[in-house]
Amino acid sequence: MTQLGSGKSVRAFIGIPLDRRTQHTLNRGVRQFKAADELSLNSRETIRWVANQNRHITLAFLDTITLEQVVELQQALGKALADQRGFDTEITGIGGFPDAKGAIIGAYMSSSPAFEALYQHLFEVCGELGLRQEGRKFRPHITLGRFKTSGRRYSRRRPRPSPFVRLHFRLKVDCVQLYQSRLTPKGSEYAVMFRQGLQ
């Protein structure tokens, strides 16, 4: 398990890592999106793209947790996911998220009973440990970038819809990881604290 360093608490989330094949497919899709979006040189919009090493599928954002809670979570997930099998899921395309005018550029993913079961297991475990979670409906996706406009940090909505680039790529979900999120002058950086494999 990654050490916390001098601090006794961290900002953390549970997510699914991406392999090289998935990253390659996403890079190709991003290039297609850029070509289709046709952002002009005079546009007030810019996109801050997520670095490859920071891409992941978020399952649960936990905000700030203590070292003791990290240990408890690792133990609880080991028990809760002992019989959880790995499964395949599909990236269906890249576009604005959560809809065409959303300020996030995301890779859309298909859900499934296995995906929903994994999310439900995590939701229940975090609830039993008293860990705060976002109350949004689970919509699996991969954040690839965020729109910014001059004079503002980030946009909430785009004035025009983003294009949608269709992809059909299957990836294997065979583990979940707890990530520590650190805010740096160059943006957020993520470090893996522990990994829980699936059967």
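One structure accompanies this document, and this report is about it. All values reported here derive from a predicted model rather than from experimental measurement.

Rules used throughout
Residues numbered from 1 in each chain as written. Predicted model: local features only at pLDDT ≥ 70, side-chain atom pairs only at ≥ 80, totals over all residues. Heavy atoms only, no water. Salt bridge = Lys/Arg side-chain N within 4 Å of Asp/Glu carboxyl O. Helix = DSSP H or I, 4+ residues; strand = E, 2+ residues; numbered from the N terminus. Expected span 1.5 Å × (residues − 1). Buried < 20%, exposed > 50% of the residue type's maximum accessible area, 1.4 Å probe, protein only. Arc of directions from axis to C-beta. Polar contact = N/O pair within 3.5 Å; in protein donor to acceptor, adjacent residues only side chain to side chain. Core = buried A, V, L, I, M, F, W, Y, C linked by side-chain atoms within 4.5 Å. Contact = heavy atoms within 4.5 Å. Pairing = 2+ DSSP bridges.

Evaluation of the coordinates by the stated rule reveals one salt bridge. With a closest N to O distance of 3.4 Å, D63 and R11 form a salt bridge. Note that D63 is positioned in strand β3 (residues 57–66) and R11 in strand β1 (residues 9–16), a separation of 52 residues in sequence.

Let us look at helix α1 (residues 20–37). Taking 1.5 Å per residue as the helical rise, α1 with its 18 residues ought to reach 26 Å, and the 25 Å between its terminal C-alpha atoms agrees with that figure. The set of residues buried in α1 consists of T22, Q23, T25, L26, G29, V30, F33 and D37. The buried residues of α1 occupy one face: seen down the axis, they fall within an arc of 155°. Opposite the packed face of α1, turned more than 90 degrees from it, sit the exposed residues R20, R21, H24, R31 and A35. N-cap assignment for α1: the residue whose side-chain oxygen lies 3.4 Å from the backbone N of R21 is D19. A positive phi of about 55° marks E38, the residue just after α1.

Between F97 and the following residue, P98, the backbone shows a cis peptide bond with an omega angle of 10°. Relative to the elements of secondary structure, P98 occurs in the loop between β4 (87–97) and β5 (104–109). Of note in the backbone geometry, D63 takes a positive phi value of approximately 65° without being a glycine. A relative accessible area of 19% places D63 in the buried class.

Next up on the list: the nonpolar core. Soluble globular proteins tend to bury their nonpolar side chains together. Core analysis: the biggest nonpolar cluster contains 45 residues, and I14, L73 and L178 have the highest contact counts within it. Counting residues per element, this core draws most heavily on helix α3 (residues 113–128), at six residues. Filtering out sequence-adjacent residues up to four positions away, I14 remains in contact with I57, T58, L59, A60, L62, L73, L77, L122, C126, V176, Q177 and L178.

This part covers the pairing of strand β9 (residues 187–197). The pairing of strand β8 (residues 175–184) with β9 spans 10 bridges and is antiparallel. In the sheet register, S181 faces β9, and the bridge partner there is Y190. Taking the residues that link successive antiparallel strands as the turn, the β8-β9 hairpin has two residues.

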